[in-house]
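Inside the fold
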Amino acid sequence: MKQKLTPTLIAAVVASTLSVQAQADIIISQYVEGSSFNKAIEIANTGDSAVTLTGYQLAKSIDGKGNWDEKYDLSNVTLEAESVFVLANSGANSAIKALSNDTDNSVTSFNGDDPIALLKDGAVHDLLGEMGDKDFAKDVTLVRNTNAMKPSATYFASQWTTLEQNDITGLGELDGGTALQPFACTQDGLEPEFTAIQTIQGSGKTSPFIDGYPYITNEEFFVKGVVSAVTTGLTKGFYLQALDDDNDPQTSDGLFVYTNQSSSELQPGDVVCVKGKVQEYYNLTQLKAENNDWVKQGETSAPDATEVVILPGDETFEDTLERYEGMLVKTTEALDMRVTRTFGYDYAARRNNMVLAQGRINMHPNQVHPAGSEEAKQQSAENAERRLFVESDAKAADGQIPYYPEFGRTDADQNGSTEDYIRIDDSVVGLEGVLSYSYNDYRLIVTNQLSAENFVHNDPRTDSVDMKEGDLRIATFNVLNYFNSPFGGDSNPHGDNRGADNYEEFEVQQEKIVNAILRLDADIVGLMEIENNGFGDAGAVRQLVEQLNQRIDDKKLRYDFVAMDSNGDKRIDENDYVGSDAITTGVIYRPKVVKLKTPRVIPMPSQQAPAVLDDNGKVIEDGKNYQRDTLAPTFKVKGSKESLTVAINHFKSKGSKCWEDAAPVEQGGQGGKDLDQQGSCENFRVAAAVALGEALKEIKGHKVILGDMNSYGMEDPMLVLTDYSAEKYGKEIKAARNTYIADEPQFGDAGAVIEQSYGYINAVAMKHPDSWSYSYNDEVGALDHLLISPSLKAHFVDATDWHINGGESTLFDYNDEYKGDMPKYNDHFRSSDHDPAVLELKMAGSFGIGGLMAMLGLVAWRRRG
């Protein structure tokens, strides 16, 4: 029982104990993390002699960041044999204060993720909790088990019993009667009847022992198996593999045991007996054993990972994975697991991970199927069925993939690029881990380390565009917010900097963009997301062209840019802008190949609709929306009589809502729902497509529509620009309401039903129907398009997306954030988040220089100088 103490006892007691302190164990014995300020720490002397705690401190690490930030000195405390000392928060309730010896508001201000240590001469003597901002003890009381009364500088959750929040049973007493005795794995003194892991898993999607709510059994089951993995982060517990194979491929041989503990003394290969209740936890079959009801009974070889095999009877890949739930598994070449999202942030799980898909990458449903069609819905369902998240147990540190330590770290051939990379469409072979389920998806928690040999690059990196050549190359390039105004460029009156945060980032960004455009080797490049700070000596587009030309020795291959006198003062300078957004579109071109005839801006619609109000009269969408104007210069192709207009676009994004997204269904809106996965503002983008199509009808000659349309290949704006008819697609397409073009009404209160299309041809899709240029979540599709007028079909040579950006990890971009100490590379990979789309035309005819070179099978003259 506890002896009430004063901070110091009489000198005679102190003196009598000094010679025997070494025989005593001083430990943290209880932890109270109650509501409000009901917080306390108890330390105990488990020895048979009194101890003066000279050199001892209680310490707290804020958020588990590794430092002992707050300390309470115990040097003046003397603990009698088998007694305790309680330190409480001064704001704790009277019940806690009545049991405490002192109060403190620094160490005792913990909230469940702050490790507590007993320090001796500055070193950790006994530890409760673990570093890393983990909620190891939030809203609970922890009591030291009677079989763990020895100090430990390593925290083992199994040494503690968890009580409910605000339960202070035993506080102020040594062995307060609440800690559990060791689990003995017996039933009535005898070895229990074990239930096989396969029997608990069953052959269906849920355990046969579960029959609806509350999805947990009243009965407790004894299970024996060998530990295949211990997880203390993403899932808290251990995974058991059956000791005997039942030779039934329909039943899993593995089972997750949930312990709710963030550390464990168990290791793979330990043979364990455990008692718990069978539970379906959000569709994960598990054994819930939170009361330390498990015991190691021996050791054997750690289980080998089992190859995942698709059986003929598996209707979906989800059916395949269900048969392996809870098991230690591995991927093989035959399984064909493709990276469909590189390592990055998962908003559902709020952590970094990677996503694989079986057999193919996940294409956005609207890329090859009309939005809202049954085929698109089926594509979405198939994407979900093929999906497998790849997780690390602990959250990844910045700039690191925990299971691929060399990722992005090597440059063995010193060519400025790393050999250790992951790209979308890579096959992953030899990946091992335990198979779990959470957030409505299967998740593989990796247990082995990977290297470059584990990744088969089905779509390898390239240093140039691989395509057939004509004599005129046109391309799109999103420069990912290339802003030079913070670094000596002309000011931007339209908004704040959206690009690099510091000059070092800007240098990397600029080098990557320049390297990419030089390798793109296009004669006309349509730019998106370039800073809208004019065409003066320090404008962003001028600086980009100067940087390109400094690296081009052959003058006839150098670039110029299209400039506009937007304010009518007959000068081209820093006061001329295209549109009123902070970013704009731009065009750079080779004067040796094409001659600028007419610079032109096509104004895009704005929306000036009534505000959308909620039931309380609060504005949820103000009805005022805008699009970036289109830059559409006309060129004459040198060596021919052909004129060509290129319309560079950056349509309204899918992110922020427009009137049609927010308005109730009864008012003609969508009620805040995205039923066909087009994202927000598709009706507004349809209005832009109509405005563009109508404006281009008035321009003679060949035309190319290019840029970021913020629409996948078969979404409504793309159908309007290409081959839409209600009969062909079985759907109605509507434009947004209350749109205006240069202050002139376009569509009124009812918007418009669109009944025509403009006949353009999707050049990339014509050549590569499954091509893509952008990755979002774990689906890919083309937002960046090249649409050609029918007149150009006779001149068409090739078109493609060049996969240097969309399929690469965000860890390779110019930004410093979340990169840790990962090296920076100035290569062309991840120079943007969009891939360039590239078009090859033969314009000079059979007697032109380019045409002659093409006929002779030689590389076009413009790329040789």
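Summarised in this report is the structure supplied together with it. Fair warning: this is a prediction, and the values are worked out from it, not measured in the lab.

A word on the pairing of strand β16 (residues 270-281)
- Counting buried positions over the 12 residues of β16 gives 10, a clear majority of the element.
- Note that strand β13 (residues 216-232) and β16 share eight bridges and pair antiparallel. By the bridge assignment for β16, V226 is matched with V271.
- Here β16 pairs with strand β18 (residues 294-299) via five bridges, running antiparallel. Across the sheet, the residue bridging to C273 is V295, located in β18.
- As defined by bridge partners, β16 adjoins strand β17 (residues 284-288) across five bridges and the pair is classed as antiparallel. Each residue of the ladder has a partner; that of Y281, found in β17, is L284.
- What sits between the antiparallel neighbours β16 and β17 is a turn of two residues, in which Y282 has the positive phi angle 50°.

As for the side chain of T332
- By the secondary structure assignment, T332 is in the loop between β20 (328-330) and β21 (337-346).
- Look past the residues within four positions of T332 in its chain and what remains in contact with it is E307, V308 and V429.

Brief notes about the pattern of salt bridges
- All told, the structure shown has 41 salt bridges when counted by the stated rule.
- Measuring nitrogen to oxygen at the nearest pair gives 2.9 Å for the salt bridge that ties R351 to E391. Of this pair, R351 sits in strand β22 (residues 351-358) while E391 sits in strand β23 (residues 387-391), and the two are 40 residues apart along the sequence.
- We classify E391 as buried; its relative accessible area is 0%.
- In this structure, R387 engages D778 in a salt bridge whose closest nitrogen and oxygen atoms are separated by 2.4 Å. One end of the pair, R387, is in strand β23; the other, D778, is in the loop between β47 (774-776) and β48 (779-781), and 391 residues separate them in sequence.
- Linked by salt bridges that have partners in common, D346, R351, E391 and R443 make up one network.

Side note on the packing of aromatic side chains
- This model, assessed by the stated rule, comprises 22 aromatic pairs.
- Centre to centre, the rings of Y31 and F110 are 4.7 Å apart; their planes meet at 25°, and the pair counts as stacked. Of this pair, Y31 sits in strand β1 (residues 26-33) while F110 sits in the loop between β8 (102-103) and β9 (116-120), and the two are 79 residues apart along the sequence. Taken individually, Y31 and F110 each receive the classification buried, so the pair is uniform in this respect.
- Their ring planes at 85° and their centres at 6.3 Å tell us that F343 and Y403 sit as a pair that is edge-to-face. Of this pair, F343 sits in strand β21 while Y403 sits in the loop between β23 and β24 (426-428), and the two are 60 residues apart along the sequence.

Thoughts on the state of the cysteines
- Tallying each qualifying case throughout the model produces two disulfides.
- One disulfide in the model links C185 with C273; its S-S distance is 1.8 Å. Because the sign of the S-S torsion sets the handedness, a value of about 80° for the bond joining C185 and C273 places this disulfide among the right-handed ones. In this pair, C185 is assigned in the loop between β12 (160-163) and α3 (197-201) and C273 in strand β16, connecting sequence segments 88 residues apart. Note on accessibility: C185 and C273 belong to one class, buried.
- Through a disulfide, C658 is tied to C681; the S-S separation comes to 2.0 Å. Judged by the sign of its S-S torsion, about 100°, the cystine formed by C658 and C681 is right-handed. Of this pair, C658 sits in the loop between β40 (643-650) and α9 (659-662) while C681 sits in the loop between α9 and α10 (682-697), placing them 23 residues apart in sequence.

Rules behind the numbers
- Residues numbered from 1 in each chain as written.
- Predicted model: local features only at pLDDT ≥ 70, side-chain atom pairs only at ≥ 80, totals over all residues.
- Heavy atoms only, no water.
- Buried < 20%, exposed > 50% of the residue type's maximum accessible area, 1.4 Å probe, protein only.
- Helix = DSSP H or I, 4+ residues; strand = E, 2+ residues; numbered from the N terminus.
- Pairing = 2+ DSSP bridges.
- Contact = heavy atoms within 4.5 Å.
- Salt bridge = Lys/Arg side-chain N within 4 Å of Asp/Glu carboxyl O.
- Phe/Tyr/Trp six-rings, centres within 6.5 Å; stacked < 30°, edge-to-face > 60°.
- Disulfide = S-S within 2.5 Å.

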